[in-house]
Amino acid sequence: MENRIKNKENRLENVGNNIKRSSSTKYIYILFSFFFSLAASAQCAMCRAALAGDSNVKKAEAVNNGIVYLMVIPYLLVAIIGYLIYRMYQSKKKKAE
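Residues numbered from 1 in each chain as written. Predicted model: local features only at pLDDT ≥ 70, side-chain atom pairs only at ≥ 80, totals over all residues. Heavy atoms only, no water.

1. Remarks on the overall build of the chain
Phase 1 of the analysis: Along its length, the chain carries three helices and zero strands.
Phase 2 of the analysis: The linear arrangement of helices and strands in the chain, starting from the amino end, is α-α-α.
Phase 3 of the analysis: Within the span of the chain, comprising 97 residues, buried residues form 3% of the whole.
Phase 4 of the analysis: Here the chain displays about 9600 Å² of accessible surface, and carbon together with sulfur accounts for 65% of that area. (Helix = DSSP H or I, 4+ residues; strand = E, 2+ residues; numbered from the N terminus. Buried < 20%, exposed > 50% of the residue type's maximum accessible area, 1.4 Å probe, protein only. Areas by Shrake-Rupley, 256 points an atom, 1.4 Å probe, with all protein chains shown as cover.)

2. Observations regarding a nonpolar patch on the surface
Phase 1 of the analysis: A contiguous nonpolar patch, built from Val-68, Tyr-69, Leu-70, Val-72, Ile-73, Leu-76, Leu-77, Ile-80, Tyr-83, Leu-84 and Tyr-86 and spanning about 1100 Å² of accessible area, is present on the exposed surface.
Phase 2 of the analysis: For Leu-70, the position within the fold is in helix H3 (residues 57–96).
Phase 3 of the analysis: Judged by relative accessible area, which is 58%, Leu-70 ranks as exposed. (Patch = residues over 30% accessible without salt bridge, like charges linked within 9 Å, V, L, I, M, F, W, Y side chains within 5 Å. Salt bridge = Lys/Arg side-chain N within 4 Å of Asp/Glu carboxyl O.)

3. Some thoughts on the confidence of the model for the chain
Phase 1 of the analysis: Counting all residues, the mean pLDDT for the chain is 76, and 67% of those residues have values of 70 or more.
Phase 2 of the analysis: Per-element averaging of pLDDT across the chain places helix H1 (residues 2–35) at the bottom with 66 and H3 at the top with 89. (pLDDT = per-residue confidence, 0-100.)

This is the structure we're talking about:
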């Protein structure tokens, strides 16, 4: 019986140590990415060369609007799937009560 209690205490200590290690690892990654981040261009080299200059302002706006439009679709899909999962868990809770 005493061995079980000791084993349980050891497991609880190991869980605490693992959480501390994982949180310190997260901080290291955050600091590393903060200090060693590179500036990123939103357009590829060919798009940038084709849209450079004052004469292509309308084309540049159209390309940027297209990029925004293409980025909206994945966010909407994730939001819809998240909402459906939320509803599923809520209905399970109501059935359990």
